[in-house]
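Observations on chain architecture
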Amino acid sequence: MRSGRTVQVFVAVLLLILLGFGTYVDATPTGKPNNTSDCGCHSGGSGLATPSHNFPSEYNPGDLYSITIGVTSSSISGSGGGFSLTANKGSFSNAGSNAKIVNGDPTHSNNNARSWTVDWTAPTTGSGSVNIALAVLAANGGNGNSNDGWGTTTHSISEAGDNQPPSVSNLIVSP
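Scope of this entry: the structure provided in the associated data block. (Residues numbered from 1 in each chain as written. Predicted model: local features only at pLDDT ≥ 70, side-chain atom pairs only at ≥ 80, totals over all residues. Heavy atoms only, no water.)

**What about the environment of Gly-70?**
Structurally, the position occupied by Gly-70 is in strand 3 (residues 64–72). Looking at Gly-70, the relative accessible area reads 8%, which means it is buried. Along the chain, Gly-70 and Ala-113 lie 43 residues apart, while their C-alpha atoms are 8.9 Å from each other. Not counting chain neighbours up to four residues away, the residues in contact with Gly-70 comprise Thr-50, Pro-51, Ser-52, Arg-114, Ser-115, Trp-116 and Val-136. (Helix = DSSP H or I, 4+ residues; strand = E, 2+ residues; numbered from the N terminus. Buried < 20%, exposed > 50% of the residue type's maximum accessible area, 1.4 Å probe, protein only. Contact = heavy atoms within 4.5 Å.)

Next up, the structure:
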């Protein structure tokens, strides 16, 4: 019986380890879509860039949201950068300057900016929570992959509830 318990513990630990692995981010000056866990090819490393976005905490089904993605860094000079964004529900459109949409996900179209815009259309009613993942890069302008910094974030967006006023049935009023 002891070996059966050991196998169960081993499988549980293995599953936890596998769940901890995300997609690998490999950026290029003209974008790298669908990759939002880290930016290991840039030697400056994690934590040197801070991602920002204005995704709502709650969405109305089918509504269009104008999203601004940004990256800041107190240790990486210059104005260059990049990003990769994914959402498991909804759709992206209308990529602004220095951005593009590839296979449904937004990314940078060149490395000349640290702020980008894109529209996101929320999914239909009953879709539930949406999960987004964002990776950003602050580039130092050296046209290489050293002394840059990257950062990542995730965000969950709840579906707005059906806000109906309370109702009462079978009410009897007596003196």
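From this point, things continue past the structure.
**Notes on the sheet that holds strand 3**
Taken in spatial order, the four strands of this open sheet run 1-3-8-5, and their pairing is antiparallel. Two strands bound the open sheet, and with one partner strand each, they are strand 1 (50–53) and strand 5 (91–93). Ignoring which end each strand starts from, the neighbouring axes of this sheet average 30 degrees apart. When strand 1 meets strand 3, the two strands line up antiparallel, connected through four bridges. Among the inter-strand pairings, Pro-51 is bridged to a residue of strand 3, identified as Val-71. (Pairing = 2+ DSSP bridges. Axes fitted to C-alpha atoms, helices over the stretch in contact; angles between N-to-C directions.)

**So, the pairing of strand 9 (residues 130–139)**
Counting buried residues along strand 9, nine of its ten residues qualify, which places the element largely inside the surrounding structure. In this sheet, strand 9 lies alongside strand 4 (residues 80–87) in antiparallel orientation, the contact comprising eight bridges. Within the sheet, the bridge partner assigned to Phe-83 lies in strand 9 and is Val-136. Pairing of strand 9 with strand 10 (residues 149–159) involves nine bridges; the strand directions are antiparallel. The partner of Leu-134 across the bridge, within strand 10, is Thr-153.

**Comments concerning a nonpolar patch on the surface**
Among the surface-exposed residues, Val-168, Leu-171 and Val-173 lie close enough to one another that they form a single nonpolar patch of about 380 Å² accessible area. Along the chain, the position of Leu-171 falls in the segment after strand 10. Since its relative accessible area comes to 65%, Leu-171 is described here as exposed. (Patch = residues over 30% accessible without salt bridge, like charges linked within 9 Å, V, L, I, M, F, W, Y side chains within 5 Å. Areas by Shrake-Rupley, 256 points an atom, 1.4 Å probe, with all protein chains shown as cover. Salt bridge = Lys/Arg side-chain N within 4 Å of Asp/Glu carboxyl O.)

**Considering the packing of aromatic side chains**
Throughout the structure, instances matching the rule amount to four aromatic pairs. Their ring planes at 85 degrees and their centres at 6.0 Å tell us that Tyr-59 and Trp-120 sit as a pair that is edge-to-face. Taken together, the residues span a long stretch of sequence, with Tyr-59 in strand 2 (residues 58–59) and Trp-120 in strand 8 (residues 115–121) at a distance of 61 residues. Grouping residues by exposure puts Tyr-59 and Trp-120 together as buried. Between Phe-83 and Trp-116, the aromatic rings sit 4.8 Å apart at their centres with planes inclined by 35 degrees, giving tilted as the arrangement. You can see Phe-83 sitting in strand 4 and its partner Trp-116 sitting in strand 8, a full 33 residues away along the chain. For Trp-116, a relative accessible area of 1% corresponds to the buried category. Ring-pair connections join several aromatic residues into one group, and the members of that group are Phe-55, Tyr-59, Tyr-65 and Trp-120. (Phe/Tyr/Trp six-rings, centres within 6.5 Å; stacked < 30°, edge-to-face > 60°.)

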